[in-house]
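Here's the letter readout for the chains.
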Amino acid sequence: MPLVINRLAIRRAGRVLLNEMSWQLSAGQAIIIKGANGSGKTSLLRTIAGFIPPMSGDILLGDSRFDPHQPNSPLTLSYYGMADGLGEHLTGRDALIRYQKFRQRTVKQPDSPDIDRFSCVPFIDTEIKQLSTGQRQRIALTRLCLDLAAKEEDNLWLLDEPDSGLDTEGRLALEEMISDMLASGGRVMIASHLSKKMRFAHRVLDLSLNSKQQGQ
Amino acid sequence: MMMTLFWLLFKGEVGKGWPVIADALSQAAFFIMIAVLFPLAVGPAPDRLAELAGALIWIAALLSAIPAFDRLFIEDMRSGWCEQLLSYGTPLWLYIYAKLAGWFVLSILPLIGILPFLSIMMGLSLASLPVLALSLSVGVFAMLLLGGLAAGLSMGARRSAMLLSVLILPLMLPVLIFGVMAVEASIAGQPAWPHIKLLLALCLFFAVICPPATQFALKSAIEER
């Protein structure tokens, strides 16, 4: 079943950011969202994640409306954004174990080699609040590795600038992880400025073109 | 499944460690402060004090509970935890119940713990202590349900503490009135049950009405982010 975006329009703070956009995202496909600051990349991802209701248009999964917040949603939604929601008082390990419990999966240890793609082991038992931005980011991205390890699910990843604070090694791991997710039939949408390097994209959506046409 | 999720959320709330426990203790300290200062201000008149004691303890408990409401959801909203929960398909009302229940446990325990000392200080007979403790527990939970709603509604507003007290004050009144009546009945040697039942009814009413409304408020706050 493709995820169908049908004539979607988004308004934020009285300004129309996206107007009448339509496209589809099938299993195993990735879309990269480009655009200047303020062009609506984050708003688009948040709308699909169900945090913002669209001004008009529909987000459909097959024929029915896509509601990612239903407990039995056919797609497992993972939203990665600026606010990671890891839990300041937890250690990285606890945060990742908690993640799996909330997803109602059998708990895997996050430091096992098939999951630890972002080399979090050196700081995995440190409290999140003591980590650097990049380290936090790597822990948050390890949640996605856990999605990848839980194979029976149908995943939708909405990633808002997942690569911004990562070093070269981390970026490579990120690209590899996304490729693996696509290979196992997941769907990925990425908002990023650094899209040239990402070779797996099936489509690039440039929002700056869209907003220039409209003005106010 | 809901119970497991609730338990998971509840454990998360209670197990946040020292900063949250310190918050709960400072609420208790505020409670003691009001309750200690008042007898000193009234002066050496044990009879008058005992007359006022029930009302006084109730007001102290309610006033000391309010400052915490402001912080109930802010941290989880800012850190993105609420969004994560939504994306996991966890209903927010369940999270809200767990949040309130967690905070209730943390804040009511020290309060109940110091209640015997306070009632001795105010010249209350220890016989009315169970009624006082029970009515306060029910009343504080009812307040917490209201406070959660107000906190959700005032999310993102500047000077939200002020807005919050204006929102919550009128709704608080029935809780206060029935609570004080229960305590006064028990001091006068009359049955306190009718009042406590009314208090319970209020609490149940708020337990049904408030969390869904709070969920709505939090969702629109997420939308605004």
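Refer to the structure above for everything that follows.
Residues numbered from 1 in each chain as written. Chains lettered and ligands numbered in written order. Predicted model: local features only at pLDDT ≥ 70, side-chain atom pairs only at ≥ 80, totals over all residues.

Caption draft 1: Layout of the overall build of chain B. Across its full length, chain B holds nine helices and zero strands. N-terminal to C-terminal, the α/β element order of chain B is α-α-α-α-α-α-α-α-α. Whereas a compact globule of 225 residues would reach a radius of gyration of roughly 17 Å, chain B reaches 18 Å, a difference of no more than 12%. Of all 225 residues assigned to chain B, the portion counted as buried reaches 45%. (Helix = DSSP H or I, 4+ residues; strand = E, 2+ residues; numbered from the N terminus. Rg over C-alpha atoms; globule rule 2.2 N^0.38 Å. Buried ≥ 20, exposed ≤ 12 C-beta atoms within 10 Å, placed from the backbone.)

Caption draft 2: Here's a closer look at the interface of chain A and chain B. Each side of the interface is counted separately: chain A has 22 residues, and chain B has 16 residues. Going through the elements one at a time, β6 (76-80) and α2 (92-102) of chain A are the ones with two or more residues in the side of chain A that touches chain B. With three residues, β6(A) is the single largest residue contributor to the side of chain A that touches chain B. For the side of chain A that touches chain B, the residue count by class is nine nonpolar, nine polar and four charged. (Contact = placed C-beta atoms within 7 Å. Nonpolar A, V, L, I, M, F, W, Y, C, P; charged D, E, K, R; others polar.)

Caption draft 3: A look at the sheet that holds strand β5 (residues 64-65) of chain A. All names here are of chain A. In space, the four strands of this open sheet follow the order β2-β1-β4-β5, with antiparallel pairing throughout. For this open sheet the edge positions go to β2 (15-25) and β5, each flanked by a neighbour on one side alone. Packing of helix α1 (residues 41-48) onto the sheet brings it into contact with β1 (3-12), β2 and β4 (56-61), and relative to β1 it is tilted by some 125°. (Pairing = 2+ DSSP bridges. Axes fitted to C-alpha atoms, helices over the stretch in contact; angles between N-to-C directions.)

Caption draft 4: A look at unusual backbone geometry. All names here are of chain A. Positioned with a positive phi, Glu 20 is a non-glycine residue whose angle comes to about 50°. The topology assignment puts Glu 20 in strand β2. Looking at Glu 20, the number of C-beta atoms within 10 Å reads 12, which means it is exposed. The phi torsion at Gln 104 lies on the positive side, around 55°, for a residue other than glycine.

Caption draft 5: Structural detail: the pairing of β4(A). Residue and element names in this part refer to chain A. Bridge count for β1 against β4 is five bridges, and the pairing is antiparallel. Among the inter-strand pairings, Ala 9 is bridged to a residue of β4, identified as Ser 56. Bridge count for β4 against β5 is two bridges, and the pairing is antiparallel. Looking at β5, one finds that Leu 60 is bridged to Arg 65. A loop of two residues connects β4 with β5, the two strands running antiparallel in sequence, and Gly 62 in this loop sits at a positive phi of about 65°.

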